[in-house]
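Descriptive structure summary
Each chain, letter by letter, is given below.
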Amino acid sequence: MVNLVLFALKFVFIILFYLLVILVVRGIYKDTFVSTKKKVKEVGKLQLLNPQGNIIKEVAVSKDAVIGRSEKVDLTIEDDFSSYSHAKVFIQGNDFVLKDLKSTNGTYLNSKKVSKETLNDGDIIAIGKTKIKFVK
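Presented here is an overview of the structure given in this document. (Residues numbered from 1 in each chain as written. Predicted model: local features only at pLDDT ≥ 70, side-chain atom pairs only at ≥ 80, totals over all residues. Heavy atoms only, no water.)

**Section: the overall build of the chain**
- What the chain contains, in helices and strands, is one helix and 11 strands.
- In sequence order, the secondary structure elements of the chain are arranged as α-β-β-β-β-β-β-β-β-β-β-β.
- In terms of overall size, the chain is more extended than a compact globule, its C-alpha atoms giving a radius of gyration of 28 Å where 136 residues would be expected to give roughly 14 Å.
- Dimensions of the chain along its principal axes, counting C-alpha atoms only, are 95 × 25 × 25 Å.
- Among the 136 residues that make up the chain, the fraction classed as buried is 29%. (Helix = DSSP H or I, 4+ residues; strand = E, 2+ residues; numbered from the N terminus. Rg over C-alpha atoms; globule rule 2.2 N^0.38 Å. Buried < 20%, exposed > 50% of the residue type's maximum accessible area, 1.4 Å probe, protein only.)

Quick look at the structure:
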């Protein structure tokens with residue numbers, strides 16, 4: 001009788017051991033292979049230009065970026081015609097969008113005043129006398 005109970009406990013132990021191994025392997029698989037397959041969002045760039053058209057500073061846009069005169073924004077510009085939080089570039093669907101944040105002097109895209117507009121590669125954003133190039 002005791003031998004029969006021990007024999008049954010061996011099978012229960014083996015089954016529990018294999019279940020534990022399967023759970024550990026499944027967890028390792030999820031942590032390594034599934035996380036590497038996550039799609040990386042496209043990143044755009046805002047390039048602050050000097051009057052000659054050369055790049056002074058570059059900021060990546062992967063989520064959103066605020067442009068303005070404040071030290072707390074993503075792209076700080078030194079322009080008296082800029083608001084502290086002047087404009088924002090963000091991703092909407094598959095597009096990058098420029099939105100004016102109710103600034104006093106407005107935001108211009110390719111010399112046209114805009115409140116909200118989709119950005120294309122090479123577009124020039126003008127805030128006061130400051131020019132910013134958008135690169136996709």
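**Concerning the sheet that holds strand β10 (residues 124-127)**
- Spatially, the six strands line up as an open sheet ordered β2-β1-β11-β10-β7-β8, and their pairing is antiparallel. Unpaired on one side and paired on the other, β2 (55-61) and β8 (112-114) mark the two borders of the sheet. For this sheet, the mean inter-axis angle between neighbouring strands, taken without regard to orientation, is 30°.
- Pairing analysis gives five bridges linking strand β1 (residues 44-49) to strand β11 (residues 130-135), with the strands arranged antiparallel. Directly across from L48, in β11, lies its bridge partner I132. (Pairing = 2+ DSSP bridges. Axes fitted to C-alpha atoms, helices over the stretch in contact; angles between N-to-C directions.)

**Structural notes on the environment of I91**
- Structurally, I91 can be placed in strand β5 (residues 87-92).
- A relative accessible area of 25% means that I91 is categorised as partly exposed.
- Sequence-wise, I91 and K112 are 21 residues apart; in three dimensions their C-alpha atoms are separated by 21 Å.

**Quick look at the pattern of salt bridges**
- If you walk through the whole model with that rule in mind, you get two salt bridges.
- Across the salt bridge formed by E58 and K45, the nearest N and O atoms sit 3.9 Å from each other. Of this pair, E58 sits in strand β2 while K45 sits in strand β1, and the two are 13 residues apart along the sequence.
- Note that K88 and D64 form a salt bridge whose closest N and O atoms lie 4.0 Å from each other. In this pair, K88 sits in strand β5 while D64 sits in strand β3 (residues 64-68), placing the two residues 24 residues apart along the sequence.
- Overall, K88 belongs to the partly exposed group, its relative accessible area being 25%. (Salt bridge = Lys/Arg side-chain N within 4 Å of Asp/Glu carboxyl O.)

**A look at the sheet that holds strand β6 (residues 95-100)**
- Taken together, the five strands give an open sheet; going across it, the order is β4-β3-β5-β6-β9, and neighbouring strands pair in mixed fashion. Pairing within the sheet leaves two strands with one partner each, and these edge strands are β4 (75-76) and β9 (116-118).
- Relative to β6, β5 runs antiparallel, the two being bridged by six bridges. Residue pairing across strands places V89 opposite L98, the latter belonging to β6.

**Topic: the pairing of β11**
- A one-sided burial pattern is seen for β11, the buried positions being T130, I132 and F134 and the unburied ones K131, K133 and V135.
- Taken together, the four bridges between β10 and β11 define a ladder with antiparallel strand orientation. Within β11, the position partnered with A126 by the bridge is K131.
- Where β10 folds back onto β11 in an antiparallel hairpin, the turn is made up of two residues, including G128, whose phi is positive at roughly 60°.

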